[in-house]
2 protein chains.
Amino acid sequence: MLEALEANYGYLFEEELLQEINSVGTCKDIPEGYKLIEIGDYIRSMPLLVSGAIKILREDENGDELILYFIERGDTCAMTLSCCLGQSKSEIRAVAETDTKLIMIPVQKMEEWLGKYKSWQKFILQSYHDRMSELLNAIDTIAFLKMDERLFIYLKDKAMVNHNDVIHVTHQEISQDLHTSRVVISRLLKKLAINGKIELQRNNIKVIDL
Amino acid sequence: MLEALEANYGYLFEEELLQEINSVGTCKDIPEGYKLIEIGDYIRSMPLLVSGAIKILREDENGDELILYFIERGDTCAMTLSCCLGQSKSEIRAVAETDTKLIMIPVQKMEEWLGKYKSWQKFILQSYHDRMSELLNAIDTIAFLKMDERLFIYLKDKAMVNHNDVIHVTHQEISQDLHTSRVVISRLLKKLAINGKIELQRNNIKVIDL
DNA sequence: TATAAAAGGTGACTTTTGTTACCAAATACC
DNA sequence: GGTATTTGGTAACAAAAGTCACCTTTTATA
């Protein structure tokens, strides 16, 4: 685990903290599609991403979903942070977008380190800042853009976190992430294809304009 | 200032911290409508709300606005926090919704206290948590609700922070906050009035259903 | 292989929201 | 008092998004 830690977090944390993380953290390999956090869950440990990507979703009372953003390596989930420290329930769902490696830190340790390591404190605050920015970005997208633009941004983001310009996804899945209907997505995808921004195949979409 | 501090933050902070805030903080009286923070501003001090309310807005490249939430007494602005600590530019605009009393804390102090006072650290983290929840709430409203519901929630929120069920606002102003057009708002307000949820007068709206 | 399920293409229609234009009433200001 | 500005009411239309229905093609599975 230590190598993964050094590679992803070495530039952030001092040796002593890295050692501590190494001794109390537990490595986890998560398969694509695995639901890491459900809305309403109490969180008992905090994930540090080593590789892969996680999709963060919001849901309303009717069960309608909406993607908020993706988390990548070197990130942590500030929502989780928030829930750990506030001892409140999760307000979001987290699903592995790809196969993912995590290091899980117990809540008590992460609180302890806040007083002990300046670099940890800085990391936590930076994570809050980053996640706040992501949320604002999500708001911009939802509030100011039309569905065709949102769709294209979604496809580009998905291509990015998957390190692949061919995305394996169905129209149905997209419509759920963007909180619209399958018919609307099929319609807009066709328009994007006609404009040469994407290429469509069954279960796959190739993003051209990157 | 000390009385205001004790009344609003006494239950949160120990005596020593209250004294420190008292000695380095500066009181500010802000008139309704005053722009506290503009997008792109660098933030050099952090506000603690003593009374009144502040409206937090997002803006896109075209200058179109969107209200995110209101901040009330006992709160601070986690966005500001975020900008202070990260030394980054403000991503939001803050406008006094009512006449407002603030205590401004210099950035250096608030960083210093993070290491020195556990209660301060807790307060800062709690503020992040609260603001994150507010942002999620804003996302729910924008993404899952129709404009008529958003409008009614907006009116109720505004009545709440103004401690008055009669809101002094024009249709034009509402349409800016909700990022739509004046005609749409007039149309929906009329429907709400017909359904007995509000009463309309020129420049004033009375919220009935609270 | 037969059948069912999943994926998605498409027309027709509705609802919601946005836009333009024009009007009248209230208010501000000279 | 007279004029300009602000406020907002409303019709008519356009665009975006949502819904329904029905179809074909591909894939999974009994």
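Just so you know, these numbers come straight off a predicted model, no measurement behind them. (Residues numbered from 1 in each chain as written. Chains lettered and ligands numbered in written order. Predicted model: local features only at pLDDT ≥ 70, side-chain atom pairs only at ≥ 80, totals over all residues. Heavy atoms only, no water.)

1. Regarding the domain arrangement of chain A
Residues and elements named next belong to chain A. Inclusion rule: Domain limits in this description derive from either an automatic procedure or a database domain assignment. Contacts are residue-level and defined by heavy atoms, with any inter-residue pair within 4.5 Å sufficient. Take the accessible area each of two parts loses on contact, using a 1.4 Å probe, and add the two losses: that sum is the buried area. In the sections that follow, a salt bridge refers to a side-chain nitrogen of Lys or Arg positioned within 4 Å of a carboxyl oxygen of Asp or Glu.
If you check the domain split of chain A, you get domain 1 (2-143) and domain 2 (145-207). Of note, the centres of domain 1 and domain 2, computed from C-alpha atoms alone, are 26 Å apart. Facing 15 residues of domain 1, the contacting portion of domain 2 comprises 13 residues. Interface of domain 1 and domain 2: buried area, both sides summed, is about 1200 Å²; carbon and sulfur atoms make up 53% of it. Between Asp-177 and Lys-55 there is a salt bridge; the shortest N-O distance is 2.9 Å.

2. Considering the relation of the copies chain A and chain B
How we decide: Superposing the copies works by least squares over the C-alpha atoms of residues that have pLDDT at least 70 in both of them.
Superposition record for chain A on chain B: RMSD 0.0 Å, screw rotation 180°, translation along axis 0.0 Å. The transformation relating the two chain copies, once decomposed into turn and shift, fits a two-fold axis. In this assembly, 100% of the residues forming the interface of chain A have copies in chain B that are likewise at the interface, indicating an isologous arrangement.

3. A word on the sheet that holds strand β1 (residues 26-30) of chain A
Sheet strands associate in pairs through backbone hydrogen bonding, adopting either a parallel or an antiparallel arrangement. Residues and elements named next belong to chain A. Put simply, the rule is: At least two DSSP bridges between two strands are needed for those strands to be called paired. Numbering of helices and strands runs from the N terminus; a helix is a DSSP stretch of H or I covering at least four residues, while a strand is a stretch of E covering at least two. Lines fitted to the C-alpha atoms define the axes, with helices restricted to the stretch that makes contact. Angles between their N-to-C directions range from 0 to 180 degrees.
Pairing within the open sheet is antiparallel, and its three strands lie in the order β1-β7-β3. Where the open sheet ends on each side, the last strands, each with one partner, are β1 and β3 (45-51). Strand-to-strand twist in this sheet, taken as the mean axis angle between neighbours without regard to direction, amounts to 30°. As paired strands, β3 and strand β7 (residues 100-106) are joined by six bridges and run antiparallel to one another. When the sheet's bridge partners are listed, Leu-49 is paired in β7 with Leu-102. The sheet contacts of helix α4 (residues 107-116) involve β3 and β7, and relative to β7 the element is tilted by about 70°.

4. What to know about the pattern of salt bridges
Condition: Per-residue accessibility, obtained with a 1.4 Å probe over protein chains only, is compared with the maximum for each type, and a residue is labelled buried under 20%, exposed over 50%, and partly exposed between these values.
Enumeration over the complete set of coordinates arrives at 24 salt bridges over all chains. Here Lys158(A) ties to Glu97(A) by a salt bridge, and the two come within 3.0 Å at their closest N and O atoms. One end of the pair, Lys158(A), is in helix α6 (residues 147-161); the other, Glu97(A), is in the loop between β6 (93-96) and β7, and 61 residues separate them in sequence. Of the residues examined, Glu97(A) reaches a relative accessible area of 8% and is grouped as buried. Residue Arg131(B) pairs with Asp75(B) through a salt bridge whose shortest N-O separation is 3.4 Å. A residue pair is termed long-range when its members are at least 10 positions apart, and Arg131(B) in helix α5 (residues 118-144) and Asp75(B) in the loop between β5 (65-72) and α3 (78-86) qualify at 56 residues. The two residues Arg131(B) and Asp75(B) agree in class, both being buried.

5. Observations concerning the pairing of strand β10 (residues 204-207) of chain B
On any regular strand, side chains alternate: one points to one face of the sheet, the next to the other face. All names here are of chain B. The pairing of strand β8 (residues 166-168) with β10 spans three bridges and is classified as antiparallel. Within β10, the position partnered with His-168 by the bridge is Asn-204. Two elements, strand β9 (residues 198-201) and β10, share four bridges in a ladder whose sense is antiparallel. Following the sheet pairing, Ile-198 is matched in β10 by Val-207. Hairpin connection between β9 and β10: a loop of two residues separates the two successive antiparallel strands, and Asn-203 in this loop has a positive phi of roughly 70°.

6. Focus on the interface of chain A and chain B
Stated formally: For this analysis, a polar contact is any N or O atom pair within 3.5 Å, provided that within protein one partner can donate a hydrogen and the other can accept it, and provided that sequence-adjacent residues contribute only side-chain to side-chain pairs. Classes in brief: Ala, Val, Leu, Ile, Met, Phe, Trp, Tyr, Cys and Pro nonpolar; Asp, Glu, Lys and Arg charged; the others, Gly included, polar.
Taken residue by residue, the interface counts 37 residues in chain A and 37 residues in chain B. Summed over both partners, the interface of chain A with chain B comes to about 3000 Å²; 71% of that surface belongs to carbon and sulfur atoms. Counting the surface chain A buries against chain B, the share from its top three residues, Met132(A), Leu136(A) and Phe144(A), is 23%. Linking chain A to chain B there are two salt bridges. The interface formed by chain A and chain B contains 10 residue pairs in polar contact (both at pLDDT 80 or more). Elements with a contribution of two residues or more to the side of chain A that touches chain B: β4 (53-59), β5 (65-72), α3 (78-86), α4 and α5 (118-144) of chain A. Examining the composition of the side of chain A that touches chain B, we find that 18 residues originate from one element, α5(A), more than from any other. A class-by-class count of the residues in the side of chain A that touches chain B yields 19 nonpolar, eight polar and 10 charged.

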